[in-house]
Amino acid sequence: MARHRRYLKAISWFLCMVAGSLSLPYGAFCESPDHYAAARQRMVLRQLKARDITNPKVLSVMGTVKRHLFVSPRRASQAYDDHPLPIGEGQTISQPYIVALMTQILDIKPGEKVLEIGTGSGYQAAVLSYFTDQVWTIEIRKGLAENASKCLRALGYEKISVKHGDGYFGWPEYAPFDAIMVTAAANHIAPHLLDQLKMGGRLLIPLGSTTYYQTLTKITKTPKGNEVEHLLGVVFVPMVGKILEK
Ligand code: SAH
């Protein structure tokens, strides 16, 4: 039995090393001792509370989700630093503050349906899943979609639905959504996403030049038309796919 456990440990260690060298997320294979609990609490205090994150649930969720398991093991020690991190294929996981801010702005209530465009590592989707059990997320890069899906399953976020595809078209089968969060920069809003938003629903998107910086923009669908709020300057990796053909 002890021998059996030793083999399992050796296999798990080997897969961790493979994950590290391929930049796969930790969570895809590894056991998850929480070596970063203190770093995570420091991040909540210094990067979120010290700024304008005031929603207690957002603060508590950001203090709970193990961000270091959504990046490759060799980047785990930087996972709670105040900046974005590479997740492979030239893409990045957003800075913790931006994840918290976007979550706070959307203010998801239990039972609401949320669609995220740009799954990336799966971290933002994991954060959203503490607010509602109805989270859908779409990723255009197959490798990232597969990794995120594996990582989310391995960490127990089984209810999040991950799809490999172009988020420009939304996910009509599950529409309408109460909230849509786009986590890649776009120079316009895909009409499909607006169509798939409920009346009263909110859409949050980094809107503007995809090569420089964007304005985080919140759209609320009202019977009188779309209410638009320009919130703050941000820098996201560009949305690709159909959006580039327009
Ligand atoms: N939310 C992610 C980070 C997003 S980075 C996280 O928590 O880790 C932006 C992601 O959007 C990248 O993974 C990129 O591949 C993806 N993306 C770009 N264009 C897209 C599109 N048209 N549809 C879906 N995903 C897209």
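As shown above, the structure is provided for reference.
Residues numbered from 1 in each chain as written. Predicted model: local features only at pLDDT ≥ 70, side-chain atom pairs only at ≥ 80, totals over all residues. Heavy atoms only, no water.

Chemist: Honestly, the environment of P223 in this entry has me stumped. Any pointers?
Modeler: Relative to the assigned elements, P223 resides in the loop between β8 (214-222) and β9 (225-234). Looking at P223, the relative accessible area reads 74%, which means it is exposed. C-alpha separation for the pair P223 and G200, spaced 23 residues apart in sequence, amounts to 8.1 Å. (Helix = DSSP H or I, 4+ residues; strand = E, 2+ residues; numbered from the N terminus. Buried < 20%, exposed > 50% of the residue type's maximum accessible area, 1.4 Å probe, protein only.)

Chemist: Is there a simple way to think about the sheet that holds strand β6 (residues 177-182) in this case?
Modeler: The strands making up a sheet are joined through hydrogen bonds of the backbone, oriented either antiparallel or parallel. Strand order across the open sheet formed by seven strands is β5-β4-β3-β6-β7-β8-β9, with mixed pairing between neighbours. Each edge of the open sheet is held by one strand with a lone partner, namely β5 (161-164) and β9. Ignoring strand direction, the axes of neighbouring strands in this sheet form an average angle of 15°. As paired elements, strand β4 (residues 135-139) and β5 share four bridges and run parallel to each other. By the bridge assignment, W136 is partnered in β5 with S161. Sheet strands in contact with helix α4 (residues 96-106) are β6, β7 (197-208), β8 and β9, and its direction is about 155° off that of β6. Contacting β4 and β5, helix α6 (residues 142-154) runs over the sheet at an angle of about 165° to β5. (Pairing = 2+ DSSP bridges. Axes fitted to C-alpha atoms, helices over the stretch in contact; angles between N-to-C directions. Contact = heavy atoms within 4.5 Å.)

Chemist: Any chance you could explain the site of the ligand here in plain terms?
Modeler: Within the structure, the ligand sits among 26 residues, and S121, E139, R141, G167 and V240 are positioned closest to it. S121 is positioned with one of its side-chain polar atoms (N or O) 2.6 Å from an oxygen atom of the ligand. Between the ligand and the protein, one listed contact pairs a nitrogen atom with a backbone N or O atom of G167 at 2.8 Å. Relative to its free-state accessible area of 580 Å², the ligand is covered by the protein chains to the extent of 99%. (Near = heavy atom within 4 Å. Polar contact = N/O pair within 3.5 Å; in protein donor to acceptor, adjacent residues only side chain to side chain. Areas by Shrake-Rupley, 256 points an atom, 1.4 Å probe, with all protein chains shown as cover.)

Chemist: Which parts of the structure should I look at to understand the side chain of Q91?
Modeler: By the secondary structure assignment, Q91 is in strand β2 (residues 91-93). For Q91, the side chain forms a polar contact with the main-chain oxygen of E89, separated by 3.0 Å. For Q91, the residues in contact, after removing those within four places along its chain, are L85, P86, R141, L144 and V237.

Chemist: Whenever I open this one, the packing of helix α2 (residues 37-49) against α4 confuses me. Can you help?
Modeler: Packed helices, taken two at a time, are described by the angle between their axes plus the distance between the axes. Running from N to C, α2 and α4 point in directions that differ by 70°, and their axes come no closer than 10 Å. Judged by the angle between their axes, α2 and α4 are roughly perpendicular. For α2 against α4, the interelement crossing comes out right-handed. Taken together, the residues of α4 that come into contact with α2 (itself represented by M43, Q47 and L48) are P96, Y97 and A100. Grouping the constituent residues of the contact of α2 with α4 by class yields five nonpolar, one polar and no charged. (Parallel < 35°, antiparallel > 145°, perpendicular 65-115°, else oblique. Left-handed = near helix turned anticlockwise from the far one by under 90°. Nonpolar A, V, L, I, M, F, W, Y, C, P; charged D, E, K, R; others polar.)

Chemist: Just checking my understanding: could you explain α6 for this structure?
Modeler: Spacing of three or four residues puts side chains on the same side of an α-helix, whose turn is 3.6 residues. Compared with the 18 Å implied by 1.5 Å per residue over 13 residues, the 18 Å span of α6 between its first and last C-alpha is a close match. The complete set of buried residues in α6 reads L144, A145, N147, A148, C151 and L152. The arc that holds the buried residues of α6, viewed along the axis, is 165°, so those residues lie on one side. Against β1 (85-88), β2, α5 (123-128), β4 and β5 lie the buried residues of α6. (Expected span 1.5 Å × (residues − 1). Arc of directions from axis to C-beta.)

Chemist: Sorry if this is basic, but what is going on with the nonpolar core here?
Modeler: Here is a general trend for soluble globular proteins: nonpolar side chains tend to be buried in one another's company. Of all hydrophobic cores here, the largest spans 46 residues; its most connected members are L48, I53, M62, V65, F70, Y123 and V127. Among the secondary structure elements, those contributing two or more residues to this core are α2, α3 (56-62), β1, α4, α5, α6 and β6. A per-element tally of this core places α4 first, with eight residues. Apart from residues no more than four positions distant in its own chain, V127 is found in contact with V61, M62, V65, V99 and T103. Residues L115, W136, L207 and M239 belong to the second largest nonpolar core, which totals 21 residues. (Core = buried A, V, L, I, M, F, W, Y, C linked by side-chain atoms within 4.5 Å.)

Chemist: What exactly am I supposed to notice about α2 here?
Modeler: A rise of 1.5 Å per residue sets the reference length of α2, with its 13 residues, at 18 Å; its end C-alpha atoms lie 17 Å apart and thus fit the reference within 8%. Of all the residues in α2, the buried ones are A39, R40, M43, V44, Q47 and L48. The inward-facing, buried residues of α2 abut α3 and α4.

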